[in-house]
Amino acid sequence: MAEDSDLEKTEEPTGRRLEQAREKGQVPQSRELGTFVILITAAAMLWMMGGWFMARILELMRQSLIVDPKYFLEPNLMVTRFASLFGDSLLVLAPLFVGLVVASLLPPFFLNAWVFAPKKLMPELNRMNPIAGIGRMFSWNSLMELGKAVLKATLVGGVAVLLISHQRDEIFGLLAEPLEKGLAHAGQMILFSFMMLVLTLFLVVAADVPFQLWQHFKQLKMSKEEVKQEMKEMMGDPHVKGRIRSLQMQAARKRMMQAVPQADVIVTNPTHYAVALAYKAGMGAPKVLAKGVGEVALKIRELGAAHAVPMLEAPPLARALYKHAELDQEIPAALYNAVAEVLAYVYQLANWRAQGGDYPSMPRNLPVPPELVPEGA
């Protein structure tokens, strides 16, 4: 039971899930909204520019009905005449065509679904499966589409019946009107009826758009396991992160070991801790080049011995440096005096090796603050 409940898609889709869906072209869509926007745009343009359209079309009709005898004698002139009339007709209807093209591009903006998804251009062979197609025919979505079609037909048909019954007397009155007046009157009636039918579709759109948004987010809902898996992918798998940290530590240790030969002294515990220090001209304070415990400390001492780096056994100082000093950073100010005595001994040792004389005495009781020495030192 616990496994079944965990697989239920009860969680809201994450931002990453929504973005992945957009990349695949899976966005909310409403065909009813697209149809409504195109039809209302056409109705509005005809309402505002209907007189201009009618005047231009009547003028084109008059020009086309004027027949010049020379067109019968020269067929090429007739073709040119038809091409000219066709071009003039396109120019008259161009504003309407442009308006409809713009209207067809608007619905995705209303649903925040304007996206270019090349993956949608790839063919989906599973869509050609006849068994899956039959399943889609009797799916919940198909039933909803059928319900919307019945609703549209009922609304539009009902409004059309009401309009015809309301304008019945005017329709029959057109027979008694002069031709030009009757045509103008009929055009107004048709345009008004068209506008009313389009506005009726707004009721369908008002119900369809929220449903499509709800259905889209429902399809993208995630199970608790999917949310956990996504969080792992975003934050990184713990095993992978552990492996990365291990590789980073190995790389840092390798760089640290390469710096040991450049050290001026190695302070030891003597066996468990080792810290390599260097002080060059221009440094504000001695810097830690390497530090380690156990096998790492042993490796530091071996590298130091191989490169003749002086070593000094100072357990409290070694522990304090290991605990409170960072790699490639200057030592804490509280350890300046102790490290200064160590470096002074190292310089004396270098002079003894170069010039001879009395062997320098090894520093004892270095001034290491007790609060910096870890327990057990």
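A few points on the structure. This structure is a prediction, so every number in the text was calculated from the model and none was measured.

1. Overview of the overall build of the chain
Thought 1: Within the chain, the secondary structure is distributed over 15 helices and 4 strands.
Thought 2: In the chain, buried positions account for 29% of the 377 residues.
Thought 3: Taking contacts inside the chain between residues at least 6 apart in sequence as the whole, the part at least 24 apart equals 74%.
Thought 4: In the structure as shown, the chain presents an accessible area of about 25100 Å², 64% of it carried by carbon and sulfur atoms.

2. Side note on helix 5 (residues 75-105)
Each α-helix turn comprises 3.6 residues. Residues three or four places apart therefore point the same way.
Thought 1: With 31 residues, helix 5 extends 43 Å between its outermost C-alpha atoms, agreeing within 8% with the 45 Å of an ideal straight helix rising 1.5 Å per residue.
Thought 2: The sharpest bend along helix 5 comes to roughly 50°, located at Leu93, with the proline Pro95 sitting one to four residues further on.
Thought 3: Leu85, Val92, Leu96, Gly99 and Ala103 are the residues of helix 5 that are buried.
Thought 4: On its buried face, helix 5 is in contact with helix 3 (31-65) and helix 6 (107-110).

3. Things to note about the packing of aromatic side chains
Thought 1: All chains considered together, the criterion is met by 5 aromatic pairs.
Thought 2: Here the aromatic rings of Phe211 and Trp214 are separated by 6.0 Å at their centres, their planes lie at 35°, and the arrangement is tilted. Of this pair, Phe211 and Trp214 are both found in helix 10 (residues 179-219), 3 residues apart, which corresponds to roughly one turn of the helix.
Thought 3: Judged by relative accessible area, which is 16%, Phe211 ranks as buried.
Thought 4: We classify Trp214 as partly exposed; its relative accessible area is 47%.
Thought 5: It is Lys291 that lies over the ring of Tyr322; its NZ or CZ is 5.2 Å from the centre.

4. Some points on the packing of helix 3 against helix 5
Thought 1: Between helix 3 and helix 5, the least distance of the axes is 9 Å, while the angle of their chain directions is 170°. By the angle between their directions, the pair helix 3 and helix 5 is classed as roughly antiparallel.
Thought 2: When grouped by side-chain class, the residues that make up the contact of helix 3 with helix 5 number 16 nonpolar, 6 polar and 3 charged.

5. Here's the deal with the pairing of strand 2 (residues 273-278)
Thought 1: Taking burial as the measure, the 6 residues of strand 2 include 6 buried ones, the bulk of the element.
Thought 2: The alternating pattern of strand 2 places Tyr273, Val275 and Leu277 on one face and Ala274, Ala276 and Ala278 on the opposite face, and all of these are buried.
Thought 3: Pairing of strand 1 (residues 265-268) with strand 2, which is carried by 4 bridges, proceeds in the antiparallel orientation. Along strand 2, the bridge assignment pairs Ile266 with Ala276.
Thought 4: Taking the residues that link successive antiparallel strands as the turn, the strand 1-strand 2 hairpin has 4 residues.
Thought 5: By the bridge criterion, 6 bridges tie strand 2 to strand 3 (residues 287-293) in an arrangement that is antiparallel. If you follow Tyr273 over to strand 3, its bridge partner there is Val293.

6. Some points on the nonpolar core
Thought 1: Val267, Leu277, Leu317, Leu321, Leu335 and Val339 are the most contacted members of the largest nonpolar core, which has 25 residues in total.
Thought 2: Of all the secondary-structure elements, those providing two or more residues to this core are strand 1, strand 2, helix 14 (315-324) and helix 15 (336-355).
Thought 3: Considering every element that reaches this core, the biggest residue donor is helix 15, with 7 residues.
Thought 4: If we ignore the near neighbours within four places in the chain, the residues touching Val267 are Tyr273, Ala274, Val275, Leu277, Leu312, Ala314, Leu317, Ala318, Leu321 and Val342.
Thought 5: With 16 residues, the next largest nonpolar core counts Met256, Ala259, Ala278 and Ala290 among its residues.

7. Focus: the environment of Val275
Thought 1: Tracing the backbone shows Val275 in strand 2.
Thought 2: Overall, the relative accessible area of 0% leaves Val275 in the buried class.
Thought 3: The sequence separation of Val275 and Val260 amounts to 15 residues, and the corresponding C-alpha distance is 9.4 Å.
Thought 4: Setting aside anything within four residues of it in sequence, one finds Val275 in contact with Val265, Ile266, Val267, Val288, Ala290, Lys291, Ala318, Leu321 and Tyr322.

8. Details of the side chain of Asp208
Thought 1: Along the polypeptide, Asp208 turns up in helix 10.
Thought 2: A polar atom in the side chain of Asp208 sits 2.4 Å from the side chain of Ser30.
Thought 3: Asp208 has contacts with Ser30, Glu32 and Lys148, leaving out every residue within four places of it along the chain.

9. Let's talk about the side chain of Ser193
Thought 1: Looking at the element boundaries, Ser193 is found in helix 10.
Thought 2: Overall, the relative accessible area of 15% leaves Ser193 in the buried class.
Thought 3: Separated by 2.9 Å, the side chain of Ser193 and the backbone oxygen of Met189 make a polar contact.
Thought 4: Beyond its immediate stretch of four places on either side in the chain, Ser193 contacts Leu163 and Gln167.

Conventions adopted
- Residues numbered from 1 in each chain as written.
- Predicted model: local features only at pLDDT ≥ 70, side-chain atom pairs only at ≥ 80, totals over all residues.
- Heavy atoms only, no water.
- Helix = DSSP H or I, 4+ residues; strand = E, 2+ residues; numbered from the N terminus.
- Buried < 20%, exposed > 50% of the residue type's maximum accessible area, 1.4 Å probe, protein only.
- Contact = heavy atoms within 4.5 Å.
- Areas by Shrake-Rupley, 256 points an atom, 1.4 Å probe, with all protein chains shown as cover.
- Expected span 1.5 Å × (residues − 1).
- Bend = angle between axes of the 7 residues up to and from the residue.
- Phe/Tyr/Trp six-rings, centres within 6.5 Å; stacked < 30°, edge-to-face > 60°.
- Lys NZ or Arg CZ within 6 Å of the ring centre and 35° of its normal.
- Axes fitted to C-alpha atoms, helices over the stretch in contact; angles between N-to-C directions.
- Parallel < 35°, antiparallel > 145°, perpendicular 65-115°, else oblique.
- Nonpolar A, V, L, I, M, F, W, Y, C, P; charged D, E, K, R; others polar.
- Pairing = 2+ DSSP bridges.
- Core = buried A, V, L, I, M, F, W, Y, C linked by side-chain atoms within 4.5 Å.
- Polar contact = N/O pair within 3.5 Å; in protein donor to acceptor, adjacent residues only side chain to side chain.

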